[in-house]
Amino acid sequence: MSGKLSLLRDRAQDWLWHERESLILWVPVAFGAGITAWFLLPGALAWLGFMMVMVALGFVGVLLGAREHRLPRAISVAAIAALLGCGVIWARSAWVEAPVLERPVIVEFSARVVSVVQLAARKQTRLLLATHSAASLPPQIRVTARQDAQGIERIRRGDTVRLRARLVPPPRAALPGGYDFARRAWFERIGAVGTLLGPITRAEGRAVPQPGVRERLSQHIRQQVSGGSGAIAAAFATGDRGGISESDDEAMRRAGLAHLLSISGLHVTAMVAGTMWLVIRILALFPWIALRWPLTLVAAGFGALAGLGYTLLTGGEVPTVRSLLAALLVLLALALGREAITMRLIATGAMVVMLLWPEAVVGPSFQLSFAAVASIVALHTHRKVKSWFARRDEAVLRRILRGLAALLATGLVVELALMPIALFHFHKAGLYGALANMIAIPLTTFVVMPAEALALALDSVGLGAPAWWVVQQALDAMLGLAHFVANAPGAVASFPTMPTTAFAMTIVGGLWVVLWQSQQRWLGLVGIALGLGWAAQVQAPDLLVTADGRHVAMRQSDGQYALLRERSGDFVRDQLAEAAGIDTAMTAIADMDGARCSPDFCVWEMVRGGRRWTILAARSAFQSDWRELVTACSRVDIVIADRWLPRACQPRWLKADRKLLQQTGGLAITLDPPRIVTAASPSSGMPWANPATILPPRPISLSRQPQAGIAARGLARKGRAGAVQGSRGSGQSRAERKAKGGRHGRAADAGNRRF
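Visitor: Any chance you could explain a nonpolar patch on the surface here in plain terms?
Guide: On the surface, a nonpolar cluster with roughly 560 Å² of combined accessible area is contributed by Trp277, Leu278, Ile282, Leu285 and Phe286. With respect to the element layout, Ile282 can be found in helix H9 (residues 265-283).

Here it is, written out as C-alpha cells:
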C-alpha cells in the first residue's frame, strides 16, 4: 500500500512540475473559495471552524515537506489563500454593518440626497438618501418615487429634502434560489427601502441646481436618436439604463445581448483601444514626434486617461471599475513590453477585485465577466486554435471567412461558459446568443461606439447629424435582431432552481479545463457533465410558496403553473416563473377543474406518486371561525396561510402559516417524493438575516383589521363534494356566544378574535 501511495505522490509531483506555470492561477481560485465558503456556511461558529480547518491543512502541508515538494506546498498555499478569503469577507461584512429598519412604517423625515437615478422607462425616480444623525432611521435609505410626484423634478444630488415615505426592511429572497436583495443592501449599507408618499420638498434658500454632465449628455443623446435606440445609445455613453423600455430590455436579455447594456469590459476596451488608435495615428503625422517619442507608451497613457474619464462619466459602477482595472493592467503590460492578454493578468484582476469587493464573488456580474474573459483567453492561447486562426498570406475572402469562424468559435465558447452561471442565477439561458453576439458585438464595437463618439465630437460645431444617423440605423438593426432572436421558437431554455452543489461542480470543472495546460485538463469535463446532468434532472416543485405566504403557485399535470391570487403583480409572477423554470404565462387555481374557491380560501387536490394530496390555502386577510377552520385543517394534507393559524389547526402533513414562514422563508415543495426546500437555509446565520435593527419614529399601522361584523368569516362544508365557501359569520354577538358556555364556546370566541 505504501508503494502505491509513493507512486501516486511521485506522479502528482511530476504533473505539478509540468504545470508549474499554472499553479499561481489557482491562488485567486482558493481565495474566492474561502469567500464562497463564508456565504455558504451558516454562522460565526461555522466560519471559525472552516478557518481552523484551513490552518490545519496549512500545517499538514508544511509537515509533509512543503519546502521540498510541490504537492504539500500547493496544499499549504491553497489553505492559506482560502483562510484569507474567508477572513477578508468576514471583515468586510463587519466593516459595512449598519442598522436596519425593524418593521414597516410610514414616516416623515429629512435627509440628504446621495444619488438620483432616473428610470424613464418605468416613469420612476430612485433616490438614495442619507438620513440625519438625529433621526431614528437607518443611515441610508432607498426611496422610489413616480416621475410626476410633486417636487421630484427639482431634486439633485447633494440636496437636503423633506419627504413622507412608506419604508420597509430590505426584502429577503421570496423563494429558494431567488434574488436576495437584503444581502446586496447589507454591503451597500442600505437599511430600508420604500416609496414616496406625497410631495418632496427641498431645503429653503438653495438655488435649484442644474442637471449634471451625465444627465445633460443622456438627454442630448435621446434627442438625437429616437425611440428605444436612443435609450441604448445613452446607456453606451453614460451608463444610464433608465430609459430602456421593459420590452427592449427583455428582448436583449432573451437574445443573450444584455451584457451590451452594462458598461463593462467591451465598452471600456473599445474606449481605450479607440483612443490609443486615434492618438497613434495623429502623432504619426508628425515625423519629429514619431521618431523621438515612444508612441505606444504615449497612446497607452491617453488610453488610460480616456478609460478613467469614461468610468467616472458612467457613474463608476463596480463592473465598470473592474473593467478599468483590467484595462490598466493590460496597458501596464504593454508599457513594460510584456505579453498583454494572459491568464495571469486575468488572475491578477480577479484578485484585486476580490480584495476590494469580496462580496462580488457570489454575484452574477463578477462570475459572468471573468468566465467570459477566461474562456476567450484559454481558447485563443491554445496551440491548435492559435495555428487555425493565425493571420497568413491568403485571399481576402478566405481571410474574412477565417475571421468569421474565429468570431463564431469565440461566441460559442463564451455562451457555453456563461450558460451554467445564467441557469444558476436567472434560471434561464439563451440558445441563440452566440449567433446574435456574432453580429451585435462587432456592430457595437466597430460601428455604434465610434460613430457615437464622432457624433458627440461633431456636435460641438453642429455637424453631428450624419454620424447620429449611422448610430440610429445601427441600433435599430441591433434592436430588431434582439427582438427577432427573442421571439424565435426555443430562444430561451428555462430550468428550475439549480442546486448549489451542481453549480459548484460545473464551475470547478470549468476552471480545471481553463487553468491547466496538460491533457489532464480535460478531466474537468467530467465535473461539468455531472453538474449539468444533475441540474437537468432537478424536478420542478409541485408547490411554490412565497415568504409572506400570500402567493402560491401549483404545478399542473401538463407542467404549467397556476396561481392562488390571479391579481399577483408582474414582479411576483416573474419570481415564481423563474423558480418554477417556466417561460409561459400562469393561469389561476380558481379556474382549474376540481378547485373549489371562495373569496377567502381555495381547496384543491393533486395526485403525485399514486397518492392524492389535498391543499387548503388562504386568499384573504379576513378572520375565520375557529371551529370550522380547525375542522377544515384536519381534512387536508397541507394548509398555507399568510397569517398565524391556531395550534389546533393540524393538517395531515404541513402547516405553512406565518409562524413557520418567518423561520423558513419561501418554500419549494415536492410531493413525489415528499421534500421541502426553504429559502432561509443556510443564510439564516448571515448578518443581513439577523441585523441590528433600529426602531422607526412614530410607527403607524399599515393595515386595518376588518370590523367584527365582517371579520368572522368561516369555513363551512356546503354545496358539492364538501366545497369550502366563505360566510359572513354567524351573526351572534360575543355575549350570545358566551351565553352558550362551555369550552367550545370560549374557544370559538377566542378563535374569532385571533384567527
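Visitor: I'm lost on the sheet that holds strand E18 (residues 654-656) in this one. Help?
Guide: Where strands meet in a sheet, backbone hydrogen bonds hold them as pairs that are either parallel or antiparallel. Taken in spatial order, the five strands of this open sheet run E14-E15-E16-E17-E18, and their pairing is mixed. Each end of this open sheet is capped by a strand with a single partner; those strands are strand E14 (596-597) and E18. Pairing of strand E15 (residues 601-608) with strand E16 (residues 611-618), which is carried by eight bridges, proceeds in the antiparallel orientation. Paired with Cys602 across the two strands is Ala617, which belongs to E16.

Visitor: Even after reading the chapter, I still don't get the packing of helix H7 (residues 227-238) against helix H18 (residues 465-486), so can you show me in this structure?
Guide: Relative orientation and spacing of two packed helices are given, respectively, by the angle between their axes and the distance between those axes. Between H7 and H18, the shortest axis-to-axis distance is 9 Å and the interhelical angle comes to 105°. The pairing of H7 with H18 is recorded here as roughly perpendicular in orientation. Residues Gly228, Ser229, Ile232, Ala233 and Phe236 of H7 form the contact with H18, whose own contacting residues are Val471, Gln472, Leu475, Asp476, Met478 and Leu479. In the contact of H7 with H18, the residues fall into seven nonpolar, three polar and one charged.

Visitor: For this particular structure, what's the right way to read the nonpolar core?
Guide: Looking at soluble globular proteins, one finds that nonpolar side chains tend to be buried together. With 44 residues, the main nonpolar core has Trp38, Phe39, Phe187, Met343, Phe366 and Trp688 as its most contacted residues. When residues of this core are traced back to their parent elements, those giving at least two are helix H1 (2-18), helix H2 (26-40), helix H3 (44-63), helix H4 (70-95), helix H5 (181-187), helix H13 (343-356), helix H14 (364-380) and helix H19 (500-515). Here the element with the most residues in this core is H2; it accounts for seven residues. When near neighbours in sequence (up to four residues on either side) are disregarded, Phe187 contacts Trp38, Phe39, Ile89, Arg92, Ser93, Val96, Glu359 and Trp688. Grouped together as the second largest cluster of nonpolar side chains are 34 residues, Ile221, Phe236, Met252 and Leu443 included.

Visitor: What's the story with helix H20 (residues 524-536) in this structure? I'm lost.
Guide: Structural remark: α-helix, 3.6 residues per turn; residues separated by three or four positions point the same way. The first and last C-alpha atoms of H20 sit 18 Å apart over 13 residues, in line with the 18 Å expected at 1.5 Å per residue. Buried residues of H20: Gly524, Gly527, Gly531 and Ala535, and no others. What you see down the axis of H20 is that its buried residues fit within an arc of 65°, all on one side. Buried-residue contacts for H20 involve H19.

Visitor: For this particular structure, what's the right way to read the environment of Gly524?
Guide: With respect to the helices, strands and loops of the structure, Gly524 is situated in helix H20. The spacing of Gly524 and Leu511 is 13 residues in sequence and 7.6 Å in space, taken between C-alpha atoms. Beyond its immediate chain neighbours, meaning those up to four positions away, Gly524 contacts Gly509, Trp512 and Val513.

Visitor: Is there a simple way to explain the state of the cysteines in this structure?
Guide: Working definition: the covalent bond between the sulfur atoms of two cysteines is a disulfide. Per the counting criterion, the structure on display carries two disulfides. Linked covalently through their sulfurs, Cys633 and Cys649 form a disulfide whose S-S length is 2.0 Å. Between Cys633 and Cys649, the S-S torsion sits near -80°, and that sign places the bridge as left-handed. Here Cys649 lies in the loop between strand E17 (638-640) and E18 and Cys633 lies in helix H22 (residues 626-634), a separation of 16 residues in the sequence. On the basis of relative accessibility, which here comes to 0%, the residue Cys649 falls in the buried class. In the chain, the bonded cysteines, numbered by position in the sequence, are linked as 1-2, 3-4.

Visitor: I would appreciate a short explanation of the sheet that holds strand E11 (residues 552-555) in the present structure.
Guide: An order of E13-E12-E11-E10-E19-E20 is seen for the six strands of this open sheet, with the pairing classed as mixed. Each having just a single partner strand, strand E13 (587-588) and strand E20 (674-678) make up the two edges of the open sheet. By the bridge criterion, three bridges tie E11 to strand E12 (residues 561-563) in an arrangement that is antiparallel. In the strand pairing of E12, Met554 is matched with Ala562.

Conventions adopted
- Along each chain, numbering runs from 1 in the same order as the chain's sequence is written.
- Totals for whole chains, interfaces and linings use every residue, but because this is a predicted model, local features are given only for residues with pLDDT of at least 70 and side-chain atom pairs only at 80 or more, for both listing and counting.
- Side-chain measures were taken over the full set of non-hydrogen atoms in the model, leaving aside hydrogen atoms and water.
- Patch building starts from residues that exceed 30% relative accessible area and form no salt bridge, then joins like charges within 9 Å and nonpolar side chains (Val, Leu, Ile, Met, Phe, Trp, Tyr) within 5 Å.
- The method behind every accessible area is Shrake-Rupley, applied with a 1.4 Å probe, and residues are considered shielded solely by the protein chains displayed.
- In what follows, salt bridge is the name for a side-chain nitrogen of Lys or Arg lying within 4 Å of a carboxyl oxygen of Asp or Glu.
- Numbering of helices and strands runs from the N terminus, with a helix taken as a DSSP run of H or I at least four residues long and a strand as a DSSP run of E at least two residues long.
- Paired strands, in this sense, are two strands between which DSSP finds at least two bridges.
- The axes are straight lines fitted to the C-alpha atoms, using for helices just the contacting stretch, and the angles between their N-to-C directions are given from 0 to 180°.
- Any angle from 65 to 115 degrees is called roughly perpendicular, while one under 35 is roughly parallel, one over 145 is roughly antiparallel, and all others are oblique.
- Residues are treated as being in contact if the distance between any of their heavy atoms lies within 4.5 Å.
- Polar here means any residue outside two lists: the nonpolar Ala, Val, Leu, Ile, Met, Phe, Trp, Tyr, Cys and Pro, and the charged Asp, Glu, Lys and Arg; Gly therefore counts as polar.
- Put simply, buried Ala, Val, Leu, Ile, Met, Phe, Trp, Tyr and Cys residues joined by side-chain atoms within 4.5 Å make one nonpolar core.
- Think of it in three bands: residues with accessible area under 20% of the maximum for their type are buried, residues over 50% are exposed, and the middle band is partly exposed, with areas taken using a 1.4 Å probe on protein chains only.
- In a helix, the anticipated span is given by 1.5 Å times the number of residues less one.
- Relevant arc is that of directions from the helix axis to the C-beta atoms, nothing else.
- By convention in this document, the label disulfide applies to cysteine sulfur atom pairs within 2.5 Å.

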